[in-house]
Amino acid sequence: MENEPLSQAENTYHFLLFVSGMSIRSVHAIENLRALCGTYLNGNYKLEIIDIGRHKEQARKHQIVAVPTLIKTRPNGRRIIIGDLSDTQKVVDLLGFNE
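A short tour of the structure in this document, coming up. Owing to the predicted nature of the structure, the values given are computational and were not obtained by experimental measurement.

Note: strand E1 (residues 13–19) against strand E3 (residues 69–74), 5 bridges, orientation antiparallel. Counterpart to Phe18 in the pairing with E3 is Thr69. Both E3 and strand E4 (residues 79–82) contribute to a ladder of 4 bridges, which runs antiparallel. Each bridged residue has a counterpart across the sheet, and for Lys72 the counterpart in E4 is Arg79.

By size, the foremost hydrophobic cluster in this structure holds 17 residues, and its most contacted members are Phe15, Leu17, Leu33, Leu70, Leu85, Leu95 and Phe97. At the level of elements, E1, helix H2 (24–40) and helix H4 (88–95) are the ones that each hand at least two residues to this core. The contact partners of Leu85, leaving out residues within four places of it in the chain, are Ala29, Asn32, Leu33, Leu36, Leu70 and Val91. Counting residues in hydrophobic clusters, the runner-up holds 6 residues, among them Leu16, Phe18, Ile64 and Ile71.

Calculation notes
Residues numbered from 1 in each chain as written. Predicted model: local features only at pLDDT ≥ 70, side-chain atom pairs only at ≥ 80, totals over all residues. Heavy atoms only, no water. Pairing = 2+ DSSP bridges. Helix = DSSP H or I, 4+ residues; strand = E, 2+ residues; numbered from the N terminus. Core = buried A, V, L, I, M, F, W, Y, C linked by side-chain atoms within 4.5 Å. Buried < 20%, exposed > 50% of the residue type's maximum accessible area, 1.4 Å probe, protein only. Contact = heavy atoms within 4.5 Å.

Below you can see the structure in the form of structure tokens.
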């Protein structure tokens with residue numbers, strides 16, 4: 001049915017955050033994303049942090065060329081943001097948190 005609301009699982013945000021160890025930009029990206037999710041998603045998200053130094057195969061699989069890189073896989077399609085996520089309004093708009 002087209003007009004049925006999404007289930008809780010379908011409505012949960014899923015993120016992959018690719019970082020390079022605990023570099024300053026990586027730490028800022030982690031902190032910024034957690035703060036944004038805490039403010040806008042009220043715990044309704046899953047976050048997987050992937051260190052490209054330890055998981056090179058994941059970086060190749062997702063074609064990561066710069067870090068930090070955030071990939072939102074759900075809901076409403078895939079979005080990719082490169083950087084430390086410090087431009088709060090831009091990140092909120094790109095991820096559709098205000099929709």
